Amino acid sequence: MSLFKPKLSRLSLLIALSIGLSACNASNNDENDSVLSKTEEAEQFLTQSEQTLSELSVEINRAEWIYSNFITDDTAALSASASEKLTATSVRLATQAAQYTDLKLDDASQRKLNILRSSLVLPAPLDPDKNAELAGISSQLNGLYGKGKYCFDDGHCLTQPELSAIMAESSDPKLLLEVWQGWREIAKPMRPLFQREVELANEGANDLGYADLSVLWRSQYDMKPDEFSNELDRLWGQVKPLYDSLHCYVRGELNEEYGDEIVPSNGPIPAHLLGNMWAQSWGNIYDKVSPQDADPGYEVTQLLAEHDYDEVKMVKQAENFFSSLGFDELPDSFWTRSLFVQPKDRDVVCHASAWDLDNLDDIRIKMCIQKTAEDFTVIHHELGHNYYQRAYKEQPFIFKNSANDGFHEAIGDTIALSITPSYLKQIGLLDEIPDASKDIGLLLKQALDKVAFMPFGLMIDQWRWKVFSGEITPAKYNQAWWDLREKYQGVKAPIERSEDDFDPGAKYHVPGNVPYTRYFLAHILQFQFHKSLCETAGDTGPVHRCSIYGNKAAGSKLNTMLEMGLSRPWPEALNVVTGSQEMDASAVLDYFAPLQVWLNEQNAQANRQCGW
Ligand code: X8Z
Ligand code: ZN
């Protein structure tokens, strides 16, 4: 499969094989011969591993696909048993790969061995009983999230997407609080399971030679784990002043909307009032905080409704964007096999995902699409995964992945940055392009989605890495979660929380065991990609007005990077599109430069005390 969740990595690393190593292990007095035979052995190990991996991945992908589309006890058992088999063999492979890392192999083989060693996101201990226990826990956690509902006093129950729609649309603080609190009830039973999952996976990481799971997760970025942590601090340091200005402005506006009792004009913002279940992106409160004189005067949600867009038409429109860049159309099987609409008759995992069932052409998305601007963007996000998967399909199995996990998350978002007023006009959704005086409104909407997301994208794994390393103990899970929410985002729980709660579990990627730093990286990378592709397209205007729609030169450059997959270190892939080997948030700051000035003026005029 290639869903960008832990399963991506778990499932990308299947079965260890019983390869005939015995002849090569025979003692040999000639040192050169011995080195040579070990090298040959390593090459053979890789060839056979890749062949078996690619064959077996299809079986695993199918089990996972069926489970996520039809959550029952039986499909859970099948998925757990597939994942148990996969993990056992991946761990064996990773262990075997470690034996060859000191050899002098060609770059590609060396790289493959390193990837085999470090790509597991949920490594099981070697003990088979513990492996089975871990697979069962992981499947149970996924099921608890997928089946999660909140039932109101009158007995009617809502699923995650329905509750999220209330969080997006309502202005009633009492209702928002009820839904916020209600959804988090689903996570309480996850706590002991999660705690045990961490223990077992840490043991698995130890067995592979890593100090803990945090070190393993941070070992996948072509640099040392601690260097990677420092990179994140550096990038966040670049963006933080912009975030602080946005936070200050939004808090001030919400204070006016809701009053001192509900949103005090200092301190952290209560997390239920930001238009999103997790306060992770704030675009849905645009109307509550928008500047009257700079509002562009249209809403994409409304435009979609006025033009009779249903779920399929939304996906077709997104496909059309990629086609305009020169990418081939999606295969027929995409349209017949994907899930676009939430089924009424069964539990499914609604959280959007993109899949590559056969590592070739059987690409699909699975998503309970709402007919909103937000989901129109998410569709582009998911298709970005599918086009990436198809672009690297000629690579050897181990390189069938993105340059780093942030790249996979950034491609569709990069395309969605091109959904500008001029693009909407070109595709017939908008009649008139708002003039430049409305740019502040457009930029504010974009910042509420993108800039607001950044500290959230960072804090989830700051929490998890500390949990994995033992710095955060189970007795402090929830407290530490809210401490980090406050530190990075400047938000707080709207009501008292305790260690009876397990608020991290109410976010899909925690029970799903999907690393989250990838989304932080993607939010930096997509602005770098957008800026560079706009230059390739010869756009000389402000970068926030640029759309690469229809530009084949930009499409071709992007495709060159996508085709590389994971075959080279990510700085080289980045260099193909941007001409630079560094991740750098100055593209974010350039994009939002006019907004930054405006926010600071507004905050100064209103005499706001920023910070929390
Ligand atoms: O999980 C996702 C995608 C699937 S890879 C829909 N995202 C993160 C989230 O929803 O929390 C995209 C942005 C952040
Ligand atoms: Zn994604």
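Here the structure is a predicted model, which means the values were calculated and not measured.

S.K.: What should I look at first to understand the environment of Ser90 in this one?
M.R.: Mapped onto the fold, Ser90 is located in helix α4 (residues 73-98). Of the residues examined, Ser90 reaches a relative accessible area of 1% and is grouped as buried. Between the alpha carbons of Ser90 and Asn575 there is a distance of 32 Å; along the sequence they are 485 residues apart.

S.K.: How should the pattern of salt bridges be read in this particular structure?
M.R.: Where side chains of opposite charge bring their charged atoms close, a pairing between them can arise. Under the criterion given, the structure shown has 28 salt bridges. With its nearest N and O atoms 3.9 Å apart, the salt bridge here joins Asp501 to Lys188. Highlighted residues: Asp501 in the loop between β6 (491-492) and α22 (517-536) and Lys188 in the loop between α8 (173-184) and α9 (190-207), separated in sequence by 313 residues. What makes Lys188 partly exposed here is its relative accessible area of 31%. Salt bridges sharing common partners tie together Glu185, Lys188, Arg497, Asp501 and Asp503.

S.K.: Honestly, the UniProt feature "binding site: Zn(2+) 1" (unreviewed entry) in the protein chain in this entry has me stumped. Any pointers?
M.R.: Under the feature "binding site: Zn(2+) 1" (unreviewed entry), the UniProt entry names His381, His385 and Glu409. For the residues just named, distributed over 29 residues, the greatest C-alpha separation is only 7.2 Å, placing them together at one site. Looking at where His385 falls in the secondary structure, it is placed in helix α16 (residues 373-391). Classification of His385 by relative accessible area gives buried; the value is 2%. When you line up the elements, Glu409 lands in helix α17 (residues 405-416). Residue Glu409 is classed as buried on the basis of its relative accessible area of 1%. A polar contact is formed between the side chain of Glu409 and the side chain of His381, at a distance of 2.9 Å.

S.K.: Sorry, what's going on with the confidence of the model for the protein chain here?
M.R.: For any part of a model where pLDDT is low, the fine detail of the predicted coordinates should not be relied upon. Across the protein chain, the average pLDDT comes to 93, with 94% of residues at or above 70. Across residues 1-32 the pLDDT falls below 50, and counting only partners more than four positions away or on other chains, this stretch makes 94 contacts in the model.

S.K.: Looking at this structure, I do not really get the packing of aromatic side chains. What am I missing?
M.R.: How two aromatic rings sit relative to each other is set out by the distance from centre to centre and by the angle between their planes. Tallying each qualifying case throughout the model produces 39 aromatic pairs. Geometrically, the ring pair formed by Phe45 and Tyr100 is tilted, given 5.3 Å between the ring centres and 45° between the ring planes. One end of the pair, Phe45, is in helix α3 (residues 31-69); the other, Tyr100, is in the loop between α4 and α5 (107-118), and 55 residues separate them in sequence. There is no split in this pair, since Phe45 and Tyr100 are both buried. Seen in terms of ring centroids, Phe321 and Tyr423 are 5.0 Å apart; in terms of plane orientation they differ by 50°. Their pairing is tilted. Taken together, the positions of Phe321 in helix α14 (residues 311-324) and Tyr423 in helix α18 (residues 421-426) put the pair 102 residues apart, joining distant regions of the chain. Each member of the pair Phe321 and Tyr423 is classed as buried.

S.K.: Looking at this structure, I do not really get the nonpolar core. What am I missing?
M.R.: One recurring pattern in soluble globular proteins: nonpolar side chains tend to sit buried together. Membership of the largest hydrophobic core comes to 169 residues, with the highest contact counts inside it found for Val250, Leu383, Phe407, Leu424, Trp463 and Phe592. Sorting elements by how many residues they give to this core places helix α11 (residues 225-258) first, with twelve residues. For Val250, the contacting residues outside a window of four places in its chain are Ile269, Leu274, Trp282, Ile285 and Leu448. Phe45, Leu103, Phe399 and Leu566 belong to the second largest nonpolar core, which has 16 residues in total.

S.K.: What exactly am I supposed to notice about the coordination of the zinc ion (ligand 2) here?
M.R.: The reference angle at a metal is 109.5 degrees if four donors form a tetrahedron and 90 or 180 degrees if six donors form an octahedron. Every protein donor of the zinc ion (ligand 2) is listed here as His381 (NE2), His385 (NE2) and Glu409 (OE), and their distances to the metal cover 2.0 to 2.1 Å. Taken together, the four donor atoms coordinating the zinc ion (ligand 2) and their angles of 89 to 128° define a geometry best described as tetrahedral. Counting residues between consecutive donors of the zinc ion (ligand 2) along the chain gives the motif H-x3-H-x23-E. Here the residue His381 and the residue His385 both occupy positions in helix α16, the gap between them amounting to four residues, near one helical turn. Using a relative accessible area of 13% as the deciding quantity, one classes His381 as buried.

S.K.: Please clarify how α14 should be interpreted in this entry.
M.R.: For an α-helix the count is 3.6 residues per turn, leaving residues at separations of three or four pointing the same way. The first and last C-alpha atoms of α14 sit 20 Å apart over 14 residues, in line with the 20 Å expected at 1.5 Å per residue. Among the residues of α14, Glu311, Met314, Val315, Gln317, Ala318, Glu319, Phe321, Phe322 and Ser324 are the ones counted as buried. By the N-cap criterion, in which a side-chain oxygen at the helix start approaches the backbone nitrogen of a residue two or three places on, α14 is capped by Asp310, the distance to Val312 being 3.3 Å. One or two positions beyond α14, positive phi appears at Gly326, with a value near 110°.

S.K.: How do you make sense of the site of ligand 1 when you look at a structure like this?
M.R.: Taken together, Gln280, His351, Ala352, His381, Glu382, His385, Glu409, Phe453, Lys507, His509, Tyr516 and Tyr519 form the complete shell of residues around ligand 1. Here an oxygen atom of ligand 1 and a side-chain polar atom of His351 are 2.6 Å apart. Side-chain polar atom of His509 to an oxygen atom of ligand 1: 2.9 Å apart, as the coordinates give it. Contact with the protein chains removes 87% of the 370 Å² of surface that ligand 1 exposes when unbound. The biggest single contributor to the shell around ligand 1 is α16, with three residues. For the shell around ligand 1, the per-class residue count stands at four nonpolar, five polar and three charged.

S.K.: Is there a simple way to think about the side chain of Thr159 in this case?
M.R.: Mapped onto the secondary structure, Thr159 falls in strand β2 (residues 157-159). A polar atom in the side chain of Thr159 sits 3.3 Å from the side chain of Gln342. In this view, Thr159 contacts Gly148, Lys149 and Gln342; residues no more than four positions away in its chain are not counted.

How each quantity is defined
- Residues numbered from 1 in each chain as written.
- Chains lettered and ligands numbered in written order.
- Predicted model: local features only at pLDDT ≥ 70, side-chain atom pairs only at ≥ 80, totals over all residues.
- Heavy atoms only, no water.
- Helix = DSSP H or I, 4+ residues; strand = E, 2+ residues; numbered from the N terminus.
- Buried < 20%, exposed > 50% of the residue type's maximum accessible area, 1.4 Å probe, protein only.
- Salt bridge = Lys/Arg side-chain N within 4 Å of Asp/Glu carboxyl O.
- UniProt positions renumbered as here; feature names shortened; annotations may be inferred.
- Polar contact = N/O pair within 3.5 Å; in protein donor to acceptor, adjacent residues only side chain to side chain.
- pLDDT = per-residue confidence, 0-100.
- Contact = heavy atoms within 4.5 Å.
- Phe/Tyr/Trp six-rings, centres within 6.5 Å; stacked < 30°, edge-to-face > 60°.
- Core = buried A, V, L, I, M, F, W, Y, C linked by side-chain atoms within 4.5 Å.
- Donors = N, O, S within 2.8 Å, 3.2 Å for Na, K, Ca; no water.
- Tetrahedral: all angles 85-135°; square planar, octahedral: opposite > 155°, others 65-115°.
- Expected span 1.5 Å × (residues − 1).
- Near = heavy atom within 4 Å.
- Areas by Shrake-Rupley, 256 points an atom, 1.4 Å probe, with all protein chains shown as cover.
- Nonpolar A, V, L, I, M, F, W, Y, C, P; charged D, E, K, R; others polar.

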